[in-house]
Each structure stands twice: as structure tokens, then as C-alpha cells.
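A look at the structure
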Amino acid sequence: MTFANTILIAQAAAPAGQPGGLFGNPMVFMILMMVMMYFILIRPQRKKQKDQEALQKALAAGDEVVTIGGAHGVVATVKEKTVVVKFTEGKVEFDRTAISFKKAKADGSAVVDLEKK
């Protein structure tokens, strides 16, 4: 008997049901990787997106905000899709999506900063 024949006999004698245990199946490994990707990447991103949408819906006149460009101002008027922000030099109209976060108010309420989450 040669070495190659011995290997063939050993392979024939192995049980056909479980070649490498649970993690030997590539499909199980792929499913576990997808579940991990969901909990590591997709779920936190969706939570951040929902928080950002809630912030944009809750904007009201008098809120101190910072735009995505870094401009600090106070919300003067809230429209359906836009927000008018008052700066020291004048007023500028922005899309609601251009508001990055709210700053703390004078009454000591917490800063809503979605960039750090």
C-alpha cells in the first residue's frame, strides 16, 4: 500500500455528517460574520441616524446650534425643510440636515452632540 492509498482509505472511513465540526461549514461561518457586522457596524449607525433625525425634528426657535461647517448661531425661524440661523453678522437659511448638534442652553441642559456617539 502506498501513502496516497492510505489517505484515501482514511478519508473514506471518516464520518460524512460532520467534516469539521460546527465551524467547519463555511456557510455557518459566513452567517456568524454577518451577525457580527450587524452588531458592530450597522446597528450603531442606524441609532446615530435616528438620533440625528430626532434632533432635526426637535429644532425650535432660540436653540443654540452648530452647523456641519462649524458655524455657531441661534435658530431664529424653523420652516418645514429649512432653518434660519441668526449669527452676529446676520441671518442665514440652512437645510435642517446642515445642523450638526445643539449647544447647551443657559439653563444648564445637556449638550446634544451626535458626533461623539
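A few points on the structure. (Residues numbered from 1 in each chain as written. Predicted model: local features only at pLDDT ≥ 70, side-chain atom pairs only at ≥ 80, totals over all residues. Heavy atoms only, no water.)

This brings us to the overall build of the chain. For the chain, the count of helices and strands is 2 helices and 5 strands. In the chain, the succession of α and β elements from N to C terminus is α-α-β-β-β-β-β. Out of the 117 residues in the chain, the part that is buried amounts to 21%. Relative to all contacts within the chain whose residues are 6 or more apart in sequence, the contacts with residues 24 or more apart total 37%. For the chain, the accessible surface area stands at approximately 8,900 Å², while carbon and sulfur atoms represent 63% of it. (Helix = DSSP H or I, 4+ residues; strand = E, 2+ residues; numbered from the N terminus. Buried < 20%, exposed > 50% of the residue type's maximum accessible area, 1.4 Å probe, protein only. Contact = heavy atoms within 4.5 Å. Areas by Shrake-Rupley, 256 points an atom, 1.4 Å probe, with all protein chains shown as cover.)

Attention now goes to the side chain of T82. Of note, T82 is situated in strand β3 (residues 82-86). For T82, the residues in contact, after removing those within four places along its chain, are E93, F94, D95 and R96.

Here we come to the nonpolar core. Across soluble globular proteins, nonpolar side chains have a tendency to be buried as a group. Core analysis: the largest hydrophobic core is formed by 9 residues, namely L59, V65, V75, V83, V85, F87, F94, A98 and I99. With residues near it in sequence (within four places) discarded, V83 still touches L59, V75, T77, V92, E93, F94 and R96. (Core = buried A, V, L, I, M, F, W, Y, C linked by side-chain atoms within 4.5 Å.)

Note that every value here comes from positions in space, so none of it alone points to a role or purpose.
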